[in-house]
Amino acid sequence: MGLRSFIHSLTAPPFRHRNVIDEEVKMVLVVNTNLKMGKGKIAAQVGHAAVSSTLKCGKEAPDLLEYWLASGQKKICVKGIDADNLLALEKLASSEGILSTKIHDAGHTQIPSGSLTVLALGPDKESLLSKITDDLKLL
Amino acid sequence: MSSSHNETTMVLIARKDLKLSAGKLAVQCAHAATSCTLVAIKSKKRLLERWKNSGARKICLQVEDLPSLQILAGQAQSANLITHIVKDAGHTEIPAGTITVLGIGPGPRRSIDALVQDLKPY
């Protein structure tokens, strides 16, 4: 452990009390399908979301991250209707204590700058995530 | 493609011949991006910071088939770039163990562009 992360571990508030993780841990990536992005564009945006939420989870819930990485870093990609839909899901997630990350596009290609493209939820326990994402279809 | 000497980038190179669905492609690219980032945390921390602070540039490119992907992986490794090859777990769409995506970077944009300049965006 580096000095900074050691100090962080002493001073940071606990994210959430966790005992044993005994179920599947997943990351769910919700794509804003209203933007009609191309496949490659979606892939890059989902890549952004996955990287950001991985780094975030490393800071806020390292044990969860370790478990997720060790169990094959399961990810699923689902369809969100539009930006409002993604924002509503983000609210639900935060009420459940699930980490979320929003990706806004830099607007170099295809869509207007600043568009909300992807919402990443987790990594977190399947049972928590399914409350929020059960109704969403796979992309 | 012109770029200043300290720009950084990551490229995600996917096999066109597998004809993956949008969601599947996205997840495979996300695996590559995450794994490359985790390698960078351990081995190239300053480069990773620079890449993140400049917007974590990522692009998704295509190759025709597996041999082209493997050649690029070899070239990237010889150029001392971070690489990660994603093998699918085979839960859906394609057989387990299929190589789907090659992630290169984060790394200097000039070195990466030199390798991938002939590839088309996916």
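Q: Can you explain the sheet that holds strand β3 (residues 83-87) of chain B? Please cite residues and give values.
A: Residue and element names in this part refer to chain B. Taking strand neighbours across the sheet as the criterion, the five strands line up as β3-β4-β1-β2-β5 in an open arrangement whose pairing is mixed. In the strand order of this sheet, the two ends are held by β3 and β5 (120-121), each with one partner. As judged from the two bridges shared by strand β2 (residues 58-63) and β5, these two strands associate in the antiparallel manner. Within β5, the residue paired with L61 across the bridge is P121. Relative to the sheet, helix α2 (residues 45-53) contacts β1 (8-15) and β4 (99-108), its axis offset from that of β4 by approximately 95 degrees.

Q: Can you break down the pairing of β2(B) residue by residue, with the values?
A: Residues and elements named next belong to chain B. Of all six residues that make up β2, five are buried, and the element is covered over most of its length. Where β1 lies against β2, six bridges are found, and the strand directions are parallel. Note on β2: the bridge partner recorded for I13 is L61.

Q: Describe the interface of chain B and chain A, naming the residues involved and giving the relevant values.
A: Across the contact, 20 residues belong to chain B and 20 residues belong to chain A. Looking at the side of chain B that touches chain A, the elements that each hand over two or more residues are α1 (22-43) and β2 of chain B. Broken down by element, the residue count for the side of chain B that touches chain A peaks at 11 residues, all from α1(B). Classifying every residue of the side of chain B that touches chain A gives 14 nonpolar, five polar and one charged.

Q: Go over the nonpolar core with me, naming the residues and quoting the values.
A: In terms of nonpolar packing, the biggest core is built from 71 residues, with L29(A), V46(A), L12(B), I13(B), A26(B) and C29(B) touching the most fellow members. Every residue in contact with L12(B), bar those within four places of it in the chain, is listed here: A43(A), A44(A), G47(A), C29(B), A32(B), A33(B), K58(B), C60(B), V101(B) and G103(B).

Q: A description of helix α3 (residues 66-78) of chain B should follow, citing residues and the corresponding values.
A: All names here are of chain B. In a regular helix each residue adds 1.5 Å, so 13 residues correspond to 18 Å; α3 covers 18 Å between its end C-alpha atoms and thus fits that length. Its buried side turned inward, α3 meets β1, β2, β3, β4 and α4 (109-116). Directly beyond the C-terminal end of α3, a positive phi value near 65 degrees is found at N80.

Parameters and conventions
Residues numbered from 1 in each chain as written. Chains lettered and ligands numbered in written order. Predicted model: local features only at pLDDT ≥ 70, side-chain atom pairs only at ≥ 80, totals over all residues. Pairing = 2+ DSSP bridges. Helix = DSSP H or I, 4+ residues; strand = E, 2+ residues; numbered from the N terminus. Contact = placed C-beta atoms within 7 Å. Axes fitted to C-alpha atoms, helices over the stretch in contact; angles between N-to-C directions. Buried ≥ 20, exposed ≤ 12 C-beta atoms within 10 Å, placed from the backbone. Nonpolar A, V, L, I, M, F, W, Y, C, P; charged D, E, K, R; others polar. Core = buried A, V, L, I, M, F, W, Y, C linked by C-beta atoms within 7 Å. Expected span 1.5 Å × (residues − 1).

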